[in-house]
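Letter by letter, the chains look like this.
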Amino acid sequence: MNYLTVDVYKDFTCVADACLNTCCVGWKIFIDNDTYEKMVEKEKCLGMQAKDWITDGKDHFVILKNQRCPMLSDDNLCKVVLKLGPEYLSNVCTHYPRTNIQYGGFIEGYLNTSCSEVIAKLMDKDSVEFDIMQDQQPVPDYPFEKLYNFESTVRASMVHILQSMPKVSLNVRLFTAFTILEEGIRMYQEGALDGEVFEREVLFYAREDVLKSLEMRLGKSVNEESQYHFLGQLLKIAEKYEGLERFLGLLQQAGQYFEEKSPEQYASDVKAFKETCLAEYSGFYTNYWVYRIFSDTLSIPDYEKVKEKFAYIAVEFAVFQTIALVSFVKNQRLIREEYIYIISCLSRMMEHSVNFMEDLKRQIREKNLASGAGLLLMTIL
């Protein structure tokens, strides 16, 4: 078998009480049957009957109290680990934020960006690197092997554009990555799953002079007034999310900005924001997109849905950039820890809020956001 991961996957360790946005607060936590029986058996050690903190039915879930898991201590440490040991944790608590997906002879390992420590690691790295390991486990038959290889080539080409052209603005690299994705979808729809042909088709984009020329053209085409109106609407959708209080406060502050300020003031604020904050986080922004493209843009066999996934990532990016912009304007410039907190909250919103996702899908369809032009509309770069 082959195992493909990014370096932050193998280096990940839960930081427990040092976590900036613990997964033990505000989430519906599933408890598997084996763990439930252990919690019943160890009630005396835990000092709490299982029925008082876990539902007893076909499926078991933690009964949150004030949005907190009852096993989370006041200093944000897990009482199960403290009193019984980590081997008593449920499968969900043991494996989160890890996700493994098998594609025939490949197992890919991801970390969910709803975990704040994942964001912290991406923020601290110079660049994201990929690891491939092998063992002697037999490789199963897989009907989509050719498609997986082709999609992997498309994904690798998108990542290459983002990582190898740091002198080109990120919005141009993203626009180009999306163009490469659309070329891959075209070939897929035509049944031409040939990775070598695809690489020749997109080789044109792997030149800095081509991207610099595109940068000049796109710089004149971004309509900041349209961007202003779209971001204001997006924040109204996001405000419906029932999340953590501090996060909701930042969302509401950003939404209020678009009610009070004109498009002209927005354009002026964006200019000042670009010259300060964006430069500071440019390396992290590239890492964020590289990581999300790796973990979110492979879809077998329904390949065309990756365009919608790309748009979802752009929405998250747009919202946390907008929160950062408004905080900057209000002289409350976000520090590193606040960035990490906000991005992990947004990822949770995308993963768990059905209403938000339905509203977002409608916006994507109505405004044709799953496109290169839609991507530019959502990014303050």
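Here the structure is shown first, and the text comes after it.
Criteria and thresholds
- Residues numbered from 1 in each chain as written.
- Predicted model: local features only at pLDDT ≥ 70, side-chain atom pairs only at ≥ 80, totals over all residues.
- Heavy atoms only, no water.
- Helix = DSSP H or I, 4+ residues; strand = E, 2+ residues; numbered from the N terminus.
- Rg over C-alpha atoms; globule rule 2.2 N^0.38 Å.
- Buried < 20%, exposed > 50% of the residue type's maximum accessible area, 1.4 Å probe, protein only.
- Contact = heavy atoms within 4.5 Å.
- Areas by Shrake-Rupley, 256 points an atom, 1.4 Å probe, with all protein chains shown as cover.
- Lys, Arg positive; Asp, Glu negative; His and termini not counted.
- Charge placed at Lys NZ, Arg CZ, Asp CG, Glu CD.
- Core = buried A, V, L, I, M, F, W, Y, C linked by side-chain atoms within 4.5 Å.
- Phe/Tyr/Trp six-rings, centres within 6.5 Å; stacked < 30°, edge-to-face > 60°.
- Expected span 1.5 Å × (residues − 1).
- Salt bridge = Lys/Arg side-chain N within 4 Å of Asp/Glu carboxyl O.
- Pairing = 2+ DSSP bridges.
- Axes fitted to C-alpha atoms, helices over the stretch in contact; angles between N-to-C directions.

Attention now moves to the overall build of the chain. Each helix and strand counted, the chain has 18 helices and six strands in total. Relative to the globule expectation of 21 Å for 381 residues, the C-alpha radius of gyration of the chain, 22 Å, shows essentially globular dimensions. A principal-axis box enclosing the C-alpha atoms of the chain has dimensions of 70 × 60 × 35 Å. Taken over 381 residues, the chain has a buried fraction of 50%. Pairs at least 24 apart in sequence give 76% of the contacts found in the chain among residues at least 6 apart. Of the roughly 18,500 Å² that the chain leaves accessible, carbon and sulfur atoms contribute 49%. Between the mean site of the 42 positive side-chain charges and the mean site of the 56 negative ones, the chain shows a separation of 3 Å.

Backbone torsion omega between Tyr96 and Pro97 reads 10°, so that peptide bond is classified as cis. Among the structural elements, Pro97 can be located in the loop between helix H5 (91-95) and strand S4 (98-103). Although it is not a glycine, Gln67 sits at a positive phi angle of roughly 70°. Relative to the elements of secondary structure, Gln67 occurs in the loop between strand S3 (60-61) and helix H4 (79-83). Look at Asn76: it is not a glycine, yet its phi comes out positive at around 60°. Topologically, Asn76 is positioned in the loop between S3 and H4.

Trp289 and Tyr339 are the most contacted members of the largest nonpolar core, which totals 117 residues. Leave out the neighbours within four places in its chain, and Trp289 touches Leu162, Leu170, Leu174, Phe310, Ile313, Ala314, Phe317 and Leu375. Ranked by size, the runner-up nonpolar core spans eight residues in total, among them Val168, Val172, Leu211 and Leu376.

Quick look at the packing of aromatic side chains now. This model, assessed by the stated rule, comprises 26 aromatic pairs. Considering the side-chain rings of Phe258 and Tyr266, the 5.9 Å spacing of their centres and the 45° angle between planes classify their relative orientation as tilted. Phe258 sits in the buried class, given a relative accessible area of 9%. Exposure remark for Tyr266: the relative accessible area of 0% places this residue in the buried category. Judged by centre distance (5.6 Å) and plane angle (70°), the ring pair of Trp289 and Phe317 falls under edge-to-face.

Counted at 1.5 Å a residue, the expected span for helix H14 (residues 282-296) with its 15 residues is 21 Å, and the 21 Å between its end C-alpha atoms agrees. The buried fraction of H14 amounts to 12 of the 15 residues, a majority that puts the element mostly inside the structure. Looking at H14, one finds that the buried residues are Phe284, Tyr285, Thr286, Asn287, Tyr288, Trp289, Val290, Tyr291, Arg292, Ile293, Phe294 and Ser295.

Inspection of every chain in the model, using the stated rule, returns 20 salt bridges. Among the ionic pairs, Arg336 bridges to Asp124, the shortest N-O distance being 2.9 Å. With Arg336 in helix H16 (residues 336-352) and Asp124 in helix H6 (residues 116-124), this residue pair connects regions lying 212 residues apart in the sequence. Arg336 sits in the partly exposed class, given a relative accessible area of 29%. The salt bridge involving Arg362 is made with Asp359; its shortest N-O contact spans 3.9 Å. Taken together, the residues span about one helical turn, with Arg362 and Asp359 both in helix H17 (residues 354-366) at a distance of three residues. For Arg362, a relative accessible area of 32% gives the class partly exposed. The network of salt bridges with shared partners includes Asp124, Arg336 and Glu337.

Next up on the list: the sheet that holds strand S5 (residues 106-111). Reading across the sheet, the four strands line up as S4-S5-S1-S6 and stay open at both edges, with mixed pairing between neighbours. Each having just a single partner strand, S4 and strand S6 (130-134) make up the two edges of the open sheet. Recorded for the sheet is a direction-independent mean angle of 20° between the axes of neighbouring strands. With respect to the sheet, H14 is in contact with strand S1 (2-6), S5 and S6, its orientation differing from that of S5 by roughly 135°.

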